[in-house]
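Working through the structure, step by step
Now for the letters of each chain:
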Amino acid sequence: MKLSVWTYEGPPHVGAMRVATGMTGLHFVLHAPQGDTYADLLFTMIERRDHRPPVTYTTFQARDLGSDTANLFRTACLDAVERFDPQAIIVGSSCTAELIQDDPGGMSETMGLAIPAIPLELPSYQRKENFGADETFLQIVRALAEPMERSEAISCNILGPTALGFRHRDDVAEITGLLREMGIAVNVAAPMGSSPADIRRLGAAHFNVLLYPETAESAARWCEKTLGQPYTKPIPIGAGATRDFIGEVQALAGTDAAPDATRLRQPWWAASVDSTYLTGKRVFLFGDATHVKAAARVARDEMGFEVVGLGCYNREFARDIRALGKEFGLTPLISDDYLEVETAIAEAAPEMILGTQMERHIGKRLGIPCAVISAPVHVQDFPARYSPQMGFEGANVLFDTWVHPLVMGLEEHLLAMFREDFEFNDAAGPSHHGGHSPRPQDEAPAVEAAAEEGSMPSEAAPTGGEVIWLDDAERELRKIPFFVRGKARRNTEAFAASRGIGRISIDTLYEAKAHYAR
Amino acid sequence: MSDLPAPPAVGCRTAPVLRERGQREVFCGLTGIIWLHRKMQDAFFLVVGSRTCAHLLQSAAGVMIFAEPRFGTAILEETDLAGMADAQDELDREVARLLERRPDIRQLFLVGSCPSEVIKIDLSKAAERLSAAHAPHVRVLNYSGSGIETTFTEGEDACLAAMVPALEATEARELVIVGALPDVVEDQALSLLAAMGIGPVRCLPARRAAEDPAVGPNTVYALTQPFLGATHEALSRRGARHIPAPMPFGEEGTTRWLRAVADEFDVPDDVFERVTAAPRDRARRAVAAQAETLRGRSLFLFPDSQLEPPLARFLTRECGMTAIEVGSPFLHRDVIGPDLDLLAEGPVISEGQDVDLQLERCRAARPDLTVCGLGLANPLEAEGMTTKWAIELVFTPVHFYEQAGDLAGLFARPMRRKQALGLEAAE
Ligand code: SF4
């Protein structure tokens, strides 16, 4: 048993959902209670997907336990195949179904479905989201792909992108373009963007481009062994790593065609004198291992930062991060406990954090700017604009994004204050920005007073003396969220003045609210 | 209530109900922790569950309340599944560590989840033992928020119901307002009641453990949320008496709710009139402004929070909408009876869910506004429908007079937005 408040990774079946949701023509039948359907909103809200994830949940209830949960699964499975007409299904259990041991995989195999049913083992009490994605993709590839004749023209597959991935959408576009400029066609990009039919033709490619080891390394290894496809090792994040990647692709493809590098502005932007202030900025890196490894090199060699701490949350890649730590002369932090990460950051006292959304919040509490380099994702990590991390444009994007919080630190804090609002306690906002000591939210009155006196002095200032706020109206005003309180005060006073009301009561306040409501 | 249509002769209390038992697209009761932990300022909610439970809470909270919140998940691991004696010891250890770090905590809720229930971790035994160990400073209670037992708002119901047996006994004649309301709303309700001379009035839950109400045969209580069926039963078991009333949504709901309470306390008509006239009038005007957008439009409510029947009553009677389907995860008839009485016959009343079938009904009906969960909203918008996500209704102050306009506004805004963006679906 381990007490946890915020987690870097969801359970393994969420990883399986990321694979399924990125694909077309595949359906996931998940044996799970109703509450687990919350996972849909990750895709529809955070990623703004315009379709429901292709997942049927059995949503068994207590009354079904011990009687017919297995039957429920069977019906759900048959219904899903009929309704959604997929080319293949994957089946698995969430944490609760794992305990009741209905064996959905075994059942689906004996149901006589006309399409492949791919069983998943997702050990919820040992493993996490990235494992779930990696394992699911491996099982799909194993079940469907076979050795076959290579395409006539040189081609490769792109492996690793999933739904809800950190900038996967744009990375795939960027790398596809880069390969095209080198005369290499993309046979299949998977799992995101592929169908089971596409997975069947993976073997036609001459080699694989592995973009995200966290979600596709097992599949890449399997393809290497079974389909005889070598795969690329450098992850093209940053100018240097992109050049390494291009070199490896050239070797694998037997070509010396190079992509157009004139789009790469990052090296000159870093060399330009206005970037001098970046020299030796002390940065702390935390995220998934792949992004941290790439970011460490960019930070040191391409931005001129000093890396003062680093670590990753996914233990599967601990060895890589230990090696990286050795290279940088640092003891890496391998942990998925954000309190430990917070302590490490506080001790290292960096000038900037390159981390995840979790570190962004830690940074806010500690008053340290942060740029996000890795999953877990947040709605902000799905910008409308093209914003890859990989390839030449990715290097440009990294420069802009990492510099941004340094110059815009204050604005970031202000934005955060608004986003942090929560109906029962608006005073939570100000407590996050500024101060170096985290303040428990329970001290709401004190914090609120601070907000009134410190951060937002103008709204509490007397306004000229024509109108008087009665005590209870003043108290009522303070219950209004702080970021609209100033407006409420001004509106009410304007309203009172226009009606010739000299003393503002609760009634006046709400009369004004009603007046301005339209 | 001169502007409102007369109450329907029959209403929906006895209307046939479409009962569905297929795939449900709803949160589990753990979600209630997101608002309960803000309401009860000295309480901590410790979920005994899995990584999924932790992830649900995190996703539902939208990483909004990152400063160390007063909830957490004791994540069960492989070792806990092997031997149950361990789980109780581990719980003791985690709780001791937690309480040491958070000396401000006065009530601790051990919250059961699907995994803890399936492997039968006895949380009531744990709560008793821990209560004894940490008394008198901390009171430890337990309830289930699991997805196999509870749907979304039923988590709050289970939590409040678990508190009832622990409330002190009293012979005093007191009014208890039941339901976790935002403080600003609760204060408005209390001041209206005080102005009518009704008192003493207590709230369940109170903001702090020390202010929790006592309960006994002379206690009367009014519910402010339609999903409090179990709490309602627990209170009547303690001898307290329920004041049936429509839920205080909108001007009409609030007036009828207050009227029911006022009648219980023999408040004279002129006093009632004097206290409610001004805010009633304001509420009506505020609703009227929003109703311009809503009037004559059709409405389809997916089951989510159990607020659906009272909201349908508000939106049809006060905002002039037409309800096509009113879904609810569960219908507590003795709680929402007064709301159903006011809801004119016509809409399909559905209980439970089979989400794919319901989506088909919704698409066929092409309602002007669909109220649904976050998992369905964007996909339906992409099909050209206009949606309002239901979770906002439990995260926003919407009860009583001064919020009536805001409540209508929650539904009007998506419709106005569509017009503003020029996205009105081409018919
Ligand atoms: S449905 Fe059950 S397992 Fe899923 S989050 Fe809710 S309590 Fe946890």
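Structure first, text after, so check above.
Thresholds applied
- Once a new chain begins, its residue numbering starts again from 1 and follows that chain's sequence as written.
- Chain letters start at A and ligand numbers start at 1, both assigned in the order the entries are written.
- Side-chain atom pairs in this predicted model are given and counted only at pLDDT of 80 or more, local residue features only at pLDDT of at least 70, and totals for whole chains, interfaces and linings cover all residues.
- Values reported for side chains reflect all heavy atoms of the structure, with hydrogen atoms and water molecules removed beforehand.
- Between two residues, a contact is recorded if the distance between any of their heavy atoms is within 4.5 Å.
- By definition, the buried area sums, over both parts, the 1.4 Å-probe accessible area that each loses when the two are put together.
- Any carboxyl oxygen of Asp or Glu within 4 Å of a side-chain nitrogen of Lys or Arg constitutes a salt bridge here.
- Two N or O atoms count as a polar contact when they lie within 3.5 Å, although within protein this holds only if one can serve as hydrogen donor and the other as acceptor, and sequence-adjacent residues are included solely when both atoms are side-chain atoms.
- The secondary structure listing takes helices from DSSP runs of H or I that are at least 4 residues long and strands from runs of E that are at least 2 residues long, numbered from the N terminus.
- When residue character is reported, Ala, Val, Leu, Ile, Met, Phe, Trp, Tyr, Cys and Pro are called nonpolar, Asp, Glu, Lys and Arg charged, and the others, Gly included, polar.
- Two strands pair under a simple rule: DSSP has to find at least two bridges between them.
- Helix axes are fitted only over the stretch in contact, all axes being lines through C-alpha atoms; the angle between N-to-C directions runs from 0 to 180 degrees.
- Being near a molecule or strand, for a residue, comes down to having at least one heavy atom within 4 Å of it.
- With a 1 Å grid spanning the protein atoms alone, the term cavity applies to any set of points in which a 1.4 Å probe fits but cannot get out, the term pocket to an open set with protein on both sides within 12 Å along at least five of seven lines, and the term lining residue to any residue with an atom within 4 Å of a point.
- Grid points are joined across faces, edges and corners, and a volume is the space filled by probe spheres set on the points.
- Side-chain atoms within 4.5 Å link the members of a nonpolar core, which is a set of buried Ala, Val, Leu, Ile, Met, Phe, Trp, Tyr and Cys residues.
- Each residue's exposure class comes from its accessible area (1.4 Å probe, protein chains only) as a fraction of the maximum for that residue type: buried when under 20%, exposed when over 50%, partly exposed otherwise.
- To obtain the arc, one takes the directions from the helix axis to the C-beta atoms.

Side note on the interface of chain B and chain A
Taken residue by residue, the interface counts 89 residues in chain B and 71 residues in chain A. Interface area for chain B against chain A, summed over the two sides, is near 7300 Å², with a carbon-plus-sulfur share of 58%. Taken together, the links from chain B to chain A amount to 10 salt bridges. In this structure, the salt-bridge partner of Glu 25 of chain B is Arg 52 of chain A, at a minimum N-O distance of 3.8 Å. At the junction of chain B and chain A, the tally comes to 27 residue pairs in polar contact (both at pLDDT 80 or more). Counting residues per element, the side of chain B that touches chain A draws most heavily on helix α2 (residues 51-61) of chain B, which supplies 8 residues. Taken together, the residues of the side of chain B that touches chain A break down into 44 nonpolar, 19 polar and 26 charged. Relative to strand β3 (residues 71-75) of chain B, strand β1 (residues 2-4) of chain A is paired through 3 bridges, and the arrangement is antiparallel. When the sheet's bridge partners are listed, Lys 2 of chain A is paired in β3 of chain B with Ile 75 of chain B.

Topic: the sheet that holds strand β6 (residues 175-178) of chain B
Residues and elements named next belong to chain B. Spatial strand order, β7-β6-β8-β9: 4 strands in an open sheet with parallel pairing. Looking along the sheet, the strands with just one partner apiece sit at the ends: β7 (201-204) and β9 (241-242). Lying on the sheet, helix α10 (residues 250-264) is in contact with β6, β8 (220-223) and β9; it crosses β8 at an angle near 175 degrees.

Description of the environment of Arg 300 of chain A
Residues and elements named next belong to chain A. By secondary structure assignment, the location of Arg 300 is in helix α12 (residues 289-302). Excluding anything up to four places from it in sequence, Arg 300 contacts Phe 305, Glu 327 and Phe 328. At a separation of 2.8 Å, a polar atom in the side chain of Arg 300 contacts the side chain of Asp 301.

A look at the site of the ligand
As a matter of local geometry, the ligand sits amid 14 residues, with Gly 35 and Asp 36 of chain A together with Cys 28, Cys 53 and Cys 114 of chain B nearest to it. Surrounding the ligand is a set of residues that belongs to chains A and B. At the level of elements, α4 (95-100) of chain A together with α2 and α5 (114-118) of chain B are the ones that each hand at least two residues to the shell around the ligand. Residue classes in the shell around the ligand are distributed as 8 nonpolar, 5 polar and 1 charged.

Section: empty space enclosed by the protein
All names here are of chain B. Under the criterion given, the structure shown has 7 cavities of 30 Å³ or more. Size it by volume and the largest cavity reaches roughly 120 Å³. Lining of the largest cavity is provided by 13 residues; of these, Glu 25, Phe 27, Gly 373, Leu 374 and Gly 375 occupy positions nearest its centre. The leading source of residues in the lining of the largest cavity is helix α15 (residues 374-382), at 3 residues. When the residues that make up the lining of the largest cavity are grouped by side-chain class, the tally is 8 nonpolar, 3 polar and 2 charged.

Quick look at the nonpolar core
Nonpolar side chains in soluble globular proteins generally cluster together in the buried interior. Phe 45, Phe 109, Tyr 143 and Phe 411 of chain B are the most contacted members of the largest nonpolar core, which has 181 residues in total. Not counting residues up to four positions away in its chain, the partners in contact with Phe 45 of chain B are Ile 33, Leu 36, His 37, Met 40, Arg 70, Phe 71, Gly 72, Phe 109, Val 111, Tyr 143 and Cys 159 of chain B. One finds Ile 158, Leu 211, Tyr 212 and Met 352 of chain A within the second-largest nonpolar core, a separate group that totals 53 residues.

Here we look at the pairing of β3 of chain B
The buried count for β3 of chain B comes to 5 of 5 residues, which makes it a mostly enclosed element. Neither face of β3 of chain B is exposed, since Phe 71, Thr 73 and Ile 75 of chain B on one face and Gly 72 and Ala 74 of chain B on the opposite face are all buried.

Comments concerning helix α13 (residues 318-328) of chain A
Residue and element names in this part refer to chain A. All of the buried residues along α13 are Ala 318, Ile 321, Leu 324, Gly 325 and Phe 328. Projected down its long axis, α13 carries its buried residues within an arc of 120 degrees, all on one side. Opposite the buried face of α13, at more than 90 degrees from it, the exposed residues are Arg 319, Lys 326 and Glu 327. Buried-residue contacts for α13 involve α12, β10 (306-312) and β11 (333-334).

Brief notes about the sheet that holds strand β8 (residues 207-210) of chain A
Residue and element names in this part refer to chain A. Taken together, 3 strands build an open sheet; the order of strands is β7-β6-β8 and the sheet is parallel. Two strands bound the open sheet, and with one partner strand each, they are β7 (185-190) and β8. On average, adjacent strands in this sheet sit at an angle of 25 degrees to one another, irrespective of strand direction. With 4 bridges joining them, strand β6 (residues 155-159) and β7 adopt parallel strand pairing.

Re the layout of surface pockets
Residue and element names in this part refer to chain A. Computed from the structure, the second largest pocket encloses a volume of approximately 760 Å³. Together, 34 residues line the second largest pocket, and Pro 213, Glu 217, Lys 293, Phe 317 and Asp 320 are the ones closest to its centre. Secondary-structure elements contributing two or more residues to the lining of the second largest pocket are α6 (129-144), α9 (213-227), α10 (239-253), α12 and α13. With 8 residues, the single largest contributor to the lining of the second largest pocket is α12. Here the lining of the second largest pocket is composed, by residue class, of 14 nonpolar, 5 polar and 15 charged.

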